[in-house]
Amino acid sequence: MKLKDIYNQSKVQVSFEVFPPKDSDCGIKNEKLFEDIQILRRYKPSLISVTYGAGGSNKEKSYNLVEQLSNKNFSVMPHFTCVCASKEQINSYLNELKKLNIENILALRGDEPNDNNICYFDFRYANELVEYLKLETDFSIGVAGYPEGHLSAPNLKTDIKNLKKKISAGADVIFTQMFFDNSKFFAYLDEIEKENIRVPVVAGILPIISYKQLEKMLSLAKVSLPKKLLASLEKYKDNTEDIKKIGIDFATEQCQNLFDNGVSGVHFYTLNKAFSTAKILDNLNYEVYISKQN
Ligand code: FAD
């Protein structure tokens, strides 16, 4: 099903993001990932999205995982970045994806390399990639949105104006960066509406499973933590089990509030682990919820 149809339904859709394990062909990590995906399958995800290294750094591994998931009849949304890629390279990857009957794609610019080697080829910003995809493919297109603004944008308003360019170019759905403060997400929805952006916005939720990993992720993005959450994370930072529990409890409340306020979808950054995401969905009674909607 195409993105615009998936998010046109009345129930809240869930989707899961995974990344290609280092041994994505047939190694142990890959096997473990598929065990975890099997656990998550019971929540009937509308999509599983697969990350792509900026500049195509892990493109074979990413493609392998997309292919394996498609073969298992999942609806897969490959991420795709245009930074440091030429039109020929892009065409060749898109042709491979078309062979898998992929319907949806997440069109991204990707992070610029940090060695000062600016390497734009044919596309400088994601809106240009969206325009190209619209012209050359039948994919339904998702794009990234940043409730607290993109790291390199001068302010949120400018970033939303740039987001609008992606929507005007033909993107169907916005998937957000992780956030922990729902009031920031709701304010973002208001700002988007003021810009006349009328596509579904899917909330990006990270179940926190490790303090160190969270610190690293926050250093790469403009994402704030509510004071109370930060205080409990700091208090228990050396105990992984406590951190996991805090993450599950926090995300459960966060998702419940999003559900109650009519969000179109929740996209879980699973970090390739099913446990916390499954627990959150159990806490939300998601299986019962979807069975009632069908
Ligand atoms: P853009 O929309 O191009 O925006 C980049 C910056 O440029 C912003 O500051 C924006 O305000 C500005 N800008 C945009 N258009 C214009 C314009 N026309 N003129 C001037 N300024 C403009 N990265 C990966 O490498 N692989 C992944 O798989 C991946 N998955 C992601 C999934 C999600 C849901 C999200 C939210 C992010 C993901 N990222 C991924 C990270 C993303 O690639 C980076 O945040 C990247 O720096 C920006 O990508 P973008 O598509 O948002 O870029």
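Going along each chain's sequence as written, the residues are numbered from 1 onward. Residues qualify for local features only when their pLDDT is at least 70, as the model is predicted, and side-chain atom pairs are given and counted only at 80 or more; totals for whole chains, interfaces and linings, by contrast, use all residues. Side-chain metrics rest on all non-hydrogen atoms present in the structure, leaving aside hydrogens and water.

A. Structural detail: the sheet that holds strand β8 (residues 265–269). Here the rule is simple: two strands pair whenever DSSP picks up at least two bridges between them. Only DSSP runs of H or I reaching four residues or more are called helices, and only runs of E reaching two or more are called strands; each is numbered from the N terminus. Strand order in this closed barrel of eight strands is β1-β2-β3-β4-β5-β6-β7-β8, and the pairing throughout is parallel. On average, each strand axis in the sheet is inclined to that of its neighbour by 25°, with strand direction left out of account. We call two residues in contact whenever any of their non-hydrogen atoms come within 4.5 Å of each other. As a rule, the C-alpha atoms of each element are fitted with a line to give its axis, helices using only the stretch in contact, and angles between N-to-C directions run from 0 to 180 degrees. Across the sheet, helix α10 (residues 240–260) is in contact with β7 (201–205) and β8; its angle to β7 comes to roughly 170°.

B. Up close: the environment of F80. Looking at the element boundaries, F80 is found in strand β3 (residues 76–81). Residue F80 is classed as buried on the basis of its relative accessible area of 1%. Separated by 108 residues in sequence, F80 and Y188 have C-alpha atoms that sit 24 Å apart. Non-local contacts of F80, meaning those with residues more than four positions away in its chain, are made with Y52, I90, Y93, L94, I105, L106, A107, L108 and L129. Under the scheme applied here, a residue whose accessible area is under 20% of the maximum for its type counts as buried, over 50% as exposed, and between as partly exposed, the area being computed with a 1.4 Å probe on protein chains only.

C. Quick peek at the nonpolar core. Formed by 67 residues in total, the largest nonpolar core has its most connected members in L69, I174 and F268. Of the residues forming this core, the biggest block, five residues, is contributed by α10. Excluding residues that lie within four positions of it along the chain, I174 makes contacts with V143, A144, G145, L163, I167, I192, I197, V199, P200, V201 and V202. Definition used in this section: a nonpolar core is a set of buried Ala, Val, Leu, Ile, Met, Phe, Trp, Tyr and Cys residues joined via side-chain atoms within 4.5 Å. The next biggest cluster of nonpolar side chains, apart from the first, holds 17 residues, and it includes M178, L206, I209 and L218.

D. The arrangement of the site of the ligand in detail. Taken together, 25 residues form the shell around the ligand, and within it Y52, D111, Y146, D159 and K166 come nearest. Each polar contact in these results corresponds to two N or O atoms within 3.5 Å; when the atoms are within protein, one needs to be able to donate a hydrogen and the other to accept it, and residues that are neighboring in sequence are counted only if both atoms are side-chain atoms. Taking G110, its main chain carries an N or O atom lying 3.2 Å from an oxygen atom of the ligand. Within the side chain of N162, one N or O atom sits 2.9 Å away from an oxygen atom of the ligand. Alone, the ligand offers 980 Å² of accessible surface; in the complex the protein occludes 86% of this. Among the elements of the structure, β3, β4 (104–108), α5 (126–136), α6 (156–168) and β6 (173–178) are those that each provide at least two residues to the shell around the ligand. For the shell around the ligand, the element with the most residues is α6, which contributes four residues. Three residue categories are used. Nonpolar comprises Ala, Val, Leu, Ile, Met, Phe, Trp, Tyr, Cys and Pro, charged comprises Asp, Glu, Lys and Arg, and polar comprises the others, including Gly. Residues that form the shell around the ligand fall into these classes: eleven nonpolar, nine polar and five charged. Being near a molecule or strand, for a residue, means having at least one of its heavy atoms within 4 Å of it. Methods summary: accessible areas were calculated by the Shrake-Rupley approach with a probe of 1.4 Å, and residue burial reflects only the protein chains presented.

E. Representation of the packing of aromatic side chains in the model. By convention, a stacked pair of Phe, Tyr or Trp rings (six-membered ring in the case of Trp) has centres within 6.5 Å and planes under 30 degrees apart, an edge-to-face pair has planes over 60 apart, and any other such pair is tilted. Evaluated as defined, the whole model comprises 13 aromatic pairs. Ring centres of F80 and Y93 lie 5.5 Å apart, and the angle between their planes is 5°; on these two criteria the pair is classed as stacked. In this pair, F80 sits in strand β3 while Y93 sits in helix α4 (residues 87–99), placing the two residues 13 residues apart along the sequence. Taken as a pair, F80 and Y93 share a single burial class, namely buried. Taking 5.6 Å as the distance between ring centres and 35° as the angle between the ring planes, the aromatic pair formed by Y286 and Y289 counts as tilted. Here the residue Y286 and the residue Y289 both occupy positions in helix α12 (residues 286–293), the gap between them amounting to three residues, near one helical turn. Of the residues examined, Y289 reaches a relative accessible area of 22% and is grouped as partly exposed.

F. Expanded view of the pairing of strand β2 (residues 47–50). Burial along β2 is two-sided: the face carrying L47 and S49 and the face carrying I48 and V50 are both buried. Pairing between strand β1 (residues 13–18) and β2: four bridges, direction parallel. Note on β2: the bridge partner recorded for E17 is S49. Strand direction decides the pairing type here: β2 and β3, joined by three bridges, are parallel. Considered in β3, the bridge of S49 is made with M77. Handedness of the β-α-β unit built from β2, helix α3 (residues 59–71) and β3 comes out right-handed. If you view a crossover with the strands going away from you and the path from the first strand over the helix to the second runs clockwise, you call it right-handed.

G. Representation of the packing of helix α9 (residues 227–235) against α10 within the structure. Relative orientation of the contacting elements α9 and α10 amounts to 160°, with a least axis distance of 9 Å. Our classification of the angle between α9 and α10 gives roughly antiparallel. Crossing geometry of α9 relative to α10 is assigned as right-handed. Taken together, the residues of α10 that come into contact with α9 (itself represented by L229, S232 and L233) are I243, I246 and F250. Each angle gets one of four labels, with under 35 degrees taken as roughly parallel, over 145 as roughly antiparallel, 65 to 115 as roughly perpendicular, and the rest as oblique. Throughout, a crossing is termed right-handed when the near helix is turned clockwise from the far one, and left-handed when it is turned anticlockwise from it by less than a right angle.

H. Main features of the pattern of salt bridges. Any carboxyl oxygen of Asp or Glu that lies within 4 Å of a side-chain nitrogen of Lys or Arg is treated as forming a salt bridge with it. Per the counting criterion, the structure on display carries eleven salt bridges. A salt bridge links K161 to E195; its shortest N-O distance comes to 2.9 Å. Note that K161 is positioned in helix α6 and E195 in the loop between α7 (182–194) and β7, a separation of 34 residues in sequence. Using a relative accessible area of 44% as the deciding quantity, one classes K161 as partly exposed. One salt bridge connects D249 with K245, and the closest N-O pair in it is separated by 2.7 Å. Here the residue D249 and the residue K245 both occupy positions in helix α10, the gap between them amounting to four residues, near one helical turn. You can call D249 partly exposed: its relative accessible area is 37%.

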